[in-house]
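# Survey of secondary and tertiary structure
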Amino acid sequence: MPIDLLHQAHSAATSNQWAAIFPELALGCLALLLLLLEIVLPKAAHRHIPLVALLGQAGLLVGLLCNFDSVTLGATSFNGLLIHSHQGQVMRAFFLLSSLLVTVLSMISLAKQSVPRVEFTHIVLIITAAMMLLAQSNHFVTLFVTLETVTIGFYILVSYYRTSPFSLEAGLKYLIMGALSSGMLLFGITLLYGVAGRTVGADGVVHTGFEFAVLGDFLTAHPGNFLASAGILLVLAGIAFKIGAFPFQIWIPDVYQGAPTPVTAFLAVASKGAGFAVLLSVLHVFSSYHELLMPVLTVMAAATILFGNLAALTQQNVKRLIGLSGVSHAGFLLLGVLASAYVPMALGAVNFYLFAYLLASFTVFGVMAHVAGPNDAEQELDHYNGLMKSNPFLATVLAVGLGSLAGIPPLAGFMGKLFIFISAYKAGFYGLLGIAICGVVISIYYYFGWIKAAFFASADPSPAPEVKAISINWGARLVLTALAVLTIALGFYQGPLGAWVSNR
Amino acid sequence: MSQLPFDPLLLSVVAPLAVAAAIAFGLPKRWSVLLAYAGFGVPALIALWAWIDYSSAAQAHGYAYLVRHSTGLDGLGISLTLGLNGISLPLFVLAGFVGLAAGLYAIRSGAERLKLYLMLLLIMQGGLMGVFASVDIFFFYFFHELALIPTFIMIGVWGGRDRNYAAMKVTIYLTAGAMLSLIGLIALYVKSGADSFDLITLRAYLAAHPLGATVQHNIFGLLLFGFGILVSLWPLHTWAPLGYGAAPSSAAMLHAGVLKKFGLYGLIQVALPLLPLGVGGWAHTLAWLAVIGNVLVVGFITIAQRDLKQMIGYSSVMHMGYAFLGIACYSAVGAGGVVLMMVAHGFSVALLFLLATSIHHRTHTFDMGEMGGLAQKTPVLAAFFVAATLASIGLPGFANFWGELSIFVALWKFSPLITALAVAGVIISAIYGLRSVARVFFGPATDELNRVTTANPPADLSWSEKLPALILLAALLFVGFWPKSISTPLNATLDAVYSAPARSAAP
């Protein structure tokens with residue numbers, strides 16, 4: 001017996017494959033290194049610490065892309081806790097790229113406040129590592145633990161401007177809503193675990209309902225189980241909070257407005273992306289219950305697109321506006337996720353859309369971080385009046401970003417929408433497609449209104465004070481130019497990213 | 001294949017875009033202007049060359065100069081395929097020439113923030129050349145949108161009266177139209193099963209596997225109303241006069257003259273040949289909407305206009321009615337008439353918008369009630385305006401005549417009643433056309449005008465205005481006296497395209 005146990009322990013240890021999660025480990029070490037540097041370096045050198053973070057993340061991203069099709073692809077590790085797949089690699093790159101850009105944004109934005117900076121980057125890195133693991137989780141325990149790491153990190157980040165009442169209010173709201181959603185998710189997981197129970201496999205290893213494969217088999221074998229259905233719906237509700245889908249989008253405007261601009265960007269892009277990564281993997285597990293899932297998700301997608309766009313129409317605060325427009329983007333992505341159940345290319349379409357959304361969002365947030373005054377929560381549309389005259393560079397970049405979010409060709413956002421629409425049409429979601437079209441047309445109004453504020457001379461005889469010339473350091477200028485150029489280039493030439501859509 | 005060492009069609013698209021990019025990256029003003037000449041000149045030269053060379057060029061799948069470039073989406077059946085057939089050649093030429101005229105006019109217009117203005121106009125020009133050179137319907141749509149976006153900004157920044165409202169309205173209407181037609185094109189792509197946006201592949205595939213009648217009917221409806229909004233089909237036309245009234249002249253010239261033809265071109269090049277069974281169900285709806293709405297209702301509204309630019313805008317909405325009538329006939333004659341008319345209308349409406357702005361420079365008003373007697377002060381301007389008006393009414397000798405004539409001939413077979421109503425529209429256009437000439441150029445000058453002209457007496461057309469106007473008028477007269485230069489390649493393509501799928505799809 002002890003021999004057996006030893007044998008099991010040994011096989012478990014060999015299945016661990018620490019090398020497979022090297023990027024996450026390295027990110028964690030980098031985060032610790034930042035804290036260490038703050039202790040050992042003299043105060044004058046502290047301003048270089050974010051640069052170290054930047055270089056580290058860039059290096060990891062390049063390394064990840066170079067080893068994109070690494071040998072572990074398709075294998076599970078850590079005794080089935082993680083699964084390494086192509087989709088996981090795509091999401092890892094997505095999260096790394098967004099954390100890299102959040103670091104850049106934080107260097108611009110945090111300089112306007114008197115808050116500690118190194119801790120901020122530290123938390124961003126930890127959250128990113130957790131998100132990367134989340135995208136590869138193959139087990140409900142990993143899923144929940146990593147998701148909680150992400151959420152708790154965000155509790156801190158959202159209320160990071162601790163002298164701003166808006167930031168504190170946002171933090172409290174996010175805490176309450178986040179706790180509620182985690183509770184629902186956990187309750188759902190418990191129910192699913194409860195019904196699936198434990199099985200002992202042929203090799204004598206005990207399997208539980210936490211494992212995706214086991215749960216999937218159970219659900220296939222027991223269609224229409226009431227408790228399982230309830231569990232599935234609760235899990236979906238928990239995820240819907242993360243992606244900001246109707247009717248769980250209620251926290252978005254306030255939290256987005258109050259959170260520091262880089263955190264808003266992080267929430268809007270990476271947190272949403274994490275939600276979709278989880279959604280894609282659990283939908284795969286729940287696929288045998290599609291008669292329950294499809295109507296729920298269809299209604300959710302339609303309501304999300306409509307609510308996001310209609311609510312964004314009347315916003316004057318750009319952070320609220322971008323938050324609500326992000327809700328509608330979640331709706332378009334949901335449409336793609338729905339289609340992915342029937343059409344293989346839809347998964348590629350969702351991925352492409354996510355990357356196009358990332359580029360466009362960070363372009364817009366980059367401009368917002370520059371235009372924002374000392375009060376980070378008050379960024380009104382009026383503040384953009386005459387931006388073209390005072391800062392032609394920022395205005396042009398903003399127009400590219402907003403155009404891409406609106407889905408105007410020849411920008412990347414249009415291609416994303418096109419791919420989603422093609423896959424939705426192939427999957428036969430004609431009604432949803434009609435709603436999506438209405439959503440696009442409505443969205444033109446507010447995106448264009450923003451561009452109008454920046455570009456067109458105001459007809460108002462007594463315009464709000466116009467924007468002063470803003471100094472942009474060369475690094476930020478480089479990053480913004482790169483984002484805008486990539487957004488345009490991806491619209492003309494999709495190259496390898498196009499292969500996601502067409503080669504499946 | 002062409003004998004040129006480069007792909008001429010790709011160059012005509014890339015040249016303006018490259019100049020625009022160069023300006024965007026901070027070219028000094030003097031160089032921007034010089035390069036802009038090249039940006040507008042190269043497409044026009046290529047268009048001229050293609051017009052002359054087309055008949056002797058080698059044809060592949062019914063297209064001359066066919067070239068395919070990959071953009072990484074081959075798996076979806078999307079590739080940048082450029083080529084010209086008899087339907088696209090006249091419009092390609094139109095785009096080249098009107099673009100040149102609008103560009104020359106813009107360069108010398110002395111607009112505020114000239115660099116940005118030229119940049120947007122060049123993007124528009126590149127998109128326009130791409131629309132008519134694309135064989136792939138995805139890129140056909142893509143280039144249209146590329147050309148469309150600058151109009152929104154140009155109306156908003158350099159527009160006249162009500163520019164904010166006009167810019168927003170035009171944007172929302174045109175986006176709605178574009179989205180509807182996008183869904184139509186996606187539907188065509190998915191339902192055809194050919195897994196390709198390439199028009200040649202689609203045509204061959206659908207000839208072998210025709211779609212069911214209901215599917216054709218539905219997709220045609222999507223395309224008809226999607227494209228219809230873009231071409232200002234009544235009652236979805238209200239954006240057009242407002243937008244043109246507010247748009248700066250070069251943008252109005254390019255949009256009304258060329259870009260608006262996208263929808264009609266799409267119907268003739270894509271919808272009619274690929275969905276022959278879809279036309280029948282919609283033909284009567286379309287014909288009645290066009291004749292009652294576009295021709296008669298909008299015709300009467302045009303008569304009531306006092307604002308010169310708005311009047312031209314309404315008159316262009318009215319003329320689009322004839323084009324829709326030609327499409328409703330679903331015959332090679334009708335479609336040929338529409339293409340001829342698109343070309344003729346493109347030249348004449350661009351000329352009218354140019355002249356209207358020239359008049360505005362001299363009178364400082366667009367209100368025709370505050371003008372009069374300009375002919376004595378500016379005889380050359382008056383001569384151009386009279387010629388342009390006569391062309392747009394459809395006087396023989398101008399290209400417009402041939403277009404309308406063929407449409408009426410085709411329409412007679414479709415419905416004599418509708419033909420009678422449509423012909424009555426010609427009288428309406430004569431009334432407002434001649435009346436505008438009389439009110440602007442003849443009769444005694446009004447007090448308001450006298451006050452303006454005594455302060456700064458109006459000069460006649462300068463060369464910077466005359467040259468673009470001459471280009472447009474020469475093209476109008478050339479096509480008017482020698483329509484064969486367009487109709488010969490046009491008929492060859494129409495015969496091939498229109499007979500083949502219809503016959504095979506007939507039960």
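Residues numbered from 1 in each chain as written. Chains lettered and ligands numbered in written order. Predicted model: local features only at pLDDT ≥ 70, side-chain atom pairs only at ≥ 80, totals over all residues.

### Concerning the overall build of chain A
Heads up, the rule is: Numbering of helices and strands runs from the N terminus, with a helix taken as a DSSP run of H or I at least four residues long and a strand as a DSSP run of E at least two residues long. Only C-alpha atoms enter the radius of gyration; for comparison, a globular chain is expected to reach 2.2 Å times N to the power 0.38, where N is the number of residues. Buried, partly exposed and exposed are defined by the number of other C-beta atoms within 10 Å of a residue's own C-beta, namely 20 or more, between the two limits, and 12 or fewer respectively, with C-beta atoms placed from the backbone. Note on contacts: each residue gets a C-beta atom placed from the backbone, and two residues are in contact if those atoms are within 7 Å.
Each helix and strand in chain A was counted, giving 20 helices and four strands. A compact globule built from 504 residues would reach a C-alpha radius of gyration of about 23 Å, and chain A, at 23 Å, matches this within 12%. In terms of overall dimensions, chain A has a C-alpha envelope of 85 × 60 × 45 Å along the principal axes. Relative to its 504 residues, chain A shows a buried fraction of 57%. A separation of at least 24 residues holds for 78% of the contacts in chain A among residues at least 6 apart in sequence.

### Some details on the sheet that holds strand β1 (residues 59-60) of chain B
Residue and element names in this part refer to chain B. The line we're drawing: What makes two strands pair is DSSP finding at least two bridges between them.
Pairing within the open sheet is antiparallel, and its three strands lie in the order β1-β2-β3. The sheet is open, and its two borders are formed by β1 and β3 (80-84), each paired with just one other strand. Sheet topology note: the β1/strand β2 (residues 63-69) ladder contains two bridges and is antiparallel. Along β2, the bridge assignment pairs Gln59 with Ala64.

### Concerning the pairing of β3 of chain B
Of all five residues in β3 of chain B, five are buried, a share of seventy percent or more. Residue alternation in β3 of chain B divides its side chains into two sets, Leu80, Leu82 and Leu84 of chain B and Thr81 and Gly83 of chain B, and both sets are buried.

### Brief notes about helix α14 (residues 332-363) of chain B
Since the α-helix advances by 3.6 residues per turn, residues separated by three or four positions end up pointing in the same direction. Residues and elements named next belong to chain B. Stated formally: Under the convention used throughout, the expected extent of a helix is 1.5 Å for every residue step, that is, one less than its residue count.
Between its first and last C-alpha, α14 extends 45 Å over 32 residues, near the 46 Å set by a 1.5 Å rise per residue. Counting buried residues along α14, 29 of its 32 residues qualify, which places the element largely inside the surrounding structure. Just beyond α14, the residue with positive phi is His364, at close to 60°.

### Side note on the interface of chain A and chain B
How large an interface is tends to be reported as the accessible area lost when its parts come together. This is how the line gets drawn: In this classification, Asp, Glu, Lys and Arg are treated as charged, Ala, Val, Leu, Ile, Met, Phe, Trp, Tyr, Cys and Pro as nonpolar, and every other residue, Gly included, as polar.
With 28 residues of chain A at the interface, the matching set in chain B holds 25 residues. Put simply, the parts of the chain that give the side of chain A that touches chain B at least two residues each are α17 (412-427), α18 (430-455) and α20 (495-502) of chain A. Ranked by residues supplied to the side of chain A that touches chain B, first place goes to α18 of chain A with nine residues. Among the residues making up the side of chain A that touches chain B, the classes are represented as 21 nonpolar, five polar and two charged.

### Quick notes on the packing of helix α5 (residues 118-135) of chain A against helix α11 (residues 261-285) of chain A
Residue and element names in this part refer to chain A. Spelled out, the test is: With axes taken as lines fitted to C-alpha atoms, and helix axes fitted only over the stretch in contact, angles between N-to-C directions fall between 0 and 180 degrees. The cut-offs work like this: below 35 degrees is roughly parallel, past 145 is roughly antiparallel, 65 to 115 is roughly perpendicular, and the gaps in between are oblique. In a left-handed crossing the near helix is turned counterclockwise from the far helix by less than a right angle, and in a right-handed crossing that turn is clockwise.
Remark: α5 packs on α11, axes separated minimally by 9 Å, with the N-to-C direction vectors making an angle of 20°. In terms of orientation, α5 lies roughly parallel with respect to α11. Between α5 and α11 lies a crossing whose hand is left-handed. Mapping the contact onto sequence places Val124, Met131, Leu134 and Ala135 in α5 and Phe266, Ala270, Ala274, Ala277 and Val278 in α11. Looking at the contact of α5 with α11 residue by residue, the classes come out as nine nonpolar, no polar and no charged.

### Side note on unusual backbone geometry
Residue Pro247 of chain A is bonded to the preceding Phe246 of chain A through a cis peptide linkage, with omega at 0°. Here the bond from Trp234 of chain B into Pro235 of chain B is cis, since omega is 0°, no more than 30 degrees from zero. Within the secondary structure layout, Pro235 of chain B lies in the loop between α8 (213-230) and α9 (239-246). Of note in this structure, Ser232 of chain B is not a glycine but carries a positive phi near 65°. One can find Ser232 of chain B in the loop between α8 and α9. Although it is not a glycine, Tyr330 of chain B adopts a positive phi angle of roughly 50°. By the secondary structure assignment, Tyr330 of chain B is in the loop between α13 (308-329) and α14.

### Let's talk about the pairing of β2 of chain B
Residues and elements named next belong to chain B. Hairpin connection between β1 and β2: a loop of two residues separates the two successive antiparallel strands, and His61 in this loop has a positive phi of roughly 55°. Judged from the four bridges that link them, β2 and β3 form a sheet pairing that is antiparallel. Bridge pairing links Val67 to Leu82 in β3.

### Some thoughts on the environment of Pro247 of chain A
For Pro247 of chain A, the location among the structural elements is in the loop between α9 (226-243) and α10 (252-258). Through-space distance from the C-alpha of Pro247 of chain A to that of Phe307 of chain A is 9.1 Å; in sequence the pair is 60 residues apart.

### A closer look at the confidence of the model for chain B
Interpretation of the predicted coordinates at a detailed level should be avoided for regions scoring low in pLDDT. Residues and elements named next belong to chain B. Threshold: As a per-residue quantity, pLDDT reports the predictor's confidence and falls between 0 and 100.
For chain B, mean pLDDT is 82; residues scoring 70 or higher make up 97% of the total. The least confident element of chain B, judged by mean pLDDT, is helix α21 (residues 484-505) at 68; the most confident is helix α3 (residues 88-107) at 88. Of the regions scoring below 50 in pLDDT, residues 501-507 engages in 12 contacts with residues more than four places distant in sequence or in other chains. Across the assembled chains, the prediction reports ipTM 0.81 with pTM 0.86.

### Some points on the packing of helix α17 (residues 399-414) of chain B against helix α18 (residues 416-441) of chain B
Two elements in contact, α17 of chain B and α18 of chain B, have axes whose closest approach is 6 Å; the angle formed by their N-to-C orientations is 145°. Counting all contacts with α17 of chain B, which are made through Phe408, Leu411, Trp412 and Phe414 of chain B, the residues of α18 of chain B involved are Pro416, Ile418, Thr419, Ala422 and Val423 of chain B.

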